[in-house]
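# Architecture and fold: a report
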Amino acid sequence: MPTAAIISKPQKPELCEILADLLKWFAERGYACVLDPESAGYLNRPGDAVDRSEMSSHAPEICVTLGGDGTLLSAARAFAHSNTPILGCNLGSLGFLTEVPLTELFTTLEAWKNGTAFVDSRNLMHAELLRHNQPAREWLALNDVVLAKGA
């Protein structure tokens, strides 16, 4: 059975209904869904939650994010070492990376399923902080890395 991953923004009560519709859409097409803890919580299914860092091990064919750029960036980190496409659905606030509005979610999913959707390939950047020529911290970044002088 093919699998889809769903990652949701915390503290968005309207996701209860959206997630139910999304699970129904996938089920009607023979998909099982892997839910992050936020998505499982909205649906009162905490036992179905999978930590975001473990979601790629379920080899989903697609990951749908419901939220904004922060939610998409979290998914990008979780799926950084996989070829899983990520569909970023913007839930109304300003988003530069989440290009699909909620009103077009299911139309876009249909286009993806039919192979007619435009898929944009993006690269991740790897940033590393060195102290005394030794790695102190590492980050993966999708859109930018900011260097700022600290206190």
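This write-up is about the structure you can find in this document. In this text, all values refer to a predicted model and were calculated from it rather than measured experimentally.

Time to look at the packing of helix α1 (residues 15-28) against helix α4 (residues 105-114). Between α1 and α4, the shortest axis-to-axis distance is 12 Å and the interhelical angle comes to 20 degrees. By the angle between their axes, α1 is roughly parallel relative to α4. α4 is crossed by α1, and the crossing has right-handed handedness. Facing Asp21, Leu22, Trp25 and Phe26 of α1, the residues of α4 in contact are Leu105, Phe106, Leu109, Glu110 and Lys113. Of the residues assigned to the contact of α1 with α4, the class counts are six nonpolar, no polar and three charged.

Here the focus is α4. Those residues of α4 that fall on the buried side of the exposure criterion are Leu105, Leu109, Ala111 and Trp112. For α4, the arc enclosing every buried residue in end-on projection is 160 degrees, short of the 170-degree limit, so these residues lie on one face. Summarising the geometry of α4, the exposed residues directed more than 90 degrees from the buried face are Thr107 and Asn114. Where α4 is buried, its residues contact α1, β3 (62-67), β4 (86-90) and β5 (100-101).

Scoring rules and cut-offs
- Residues numbered from 1 in each chain as written.
- Predicted model: local features only at pLDDT ≥ 70, side-chain atom pairs only at ≥ 80, totals over all residues.
- Heavy atoms only, no water.
- Axes fitted to C-alpha atoms, helices over the stretch in contact; angles between N-to-C directions.
- Helix = DSSP H or I, 4+ residues; strand = E, 2+ residues; numbered from the N terminus.
- Parallel < 35°, antiparallel > 145°, perpendicular 65-115°, else oblique.
- Left-handed = near helix turned anticlockwise from the far one by under 90°.
- Contact = heavy atoms within 4.5 Å.
- Nonpolar A, V, L, I, M, F, W, Y, C, P; charged D, E, K, R; others polar.
- Buried < 20%, exposed > 50% of the residue type's maximum accessible area, 1.4 Å probe, protein only.
- Arc of directions from axis to C-beta.

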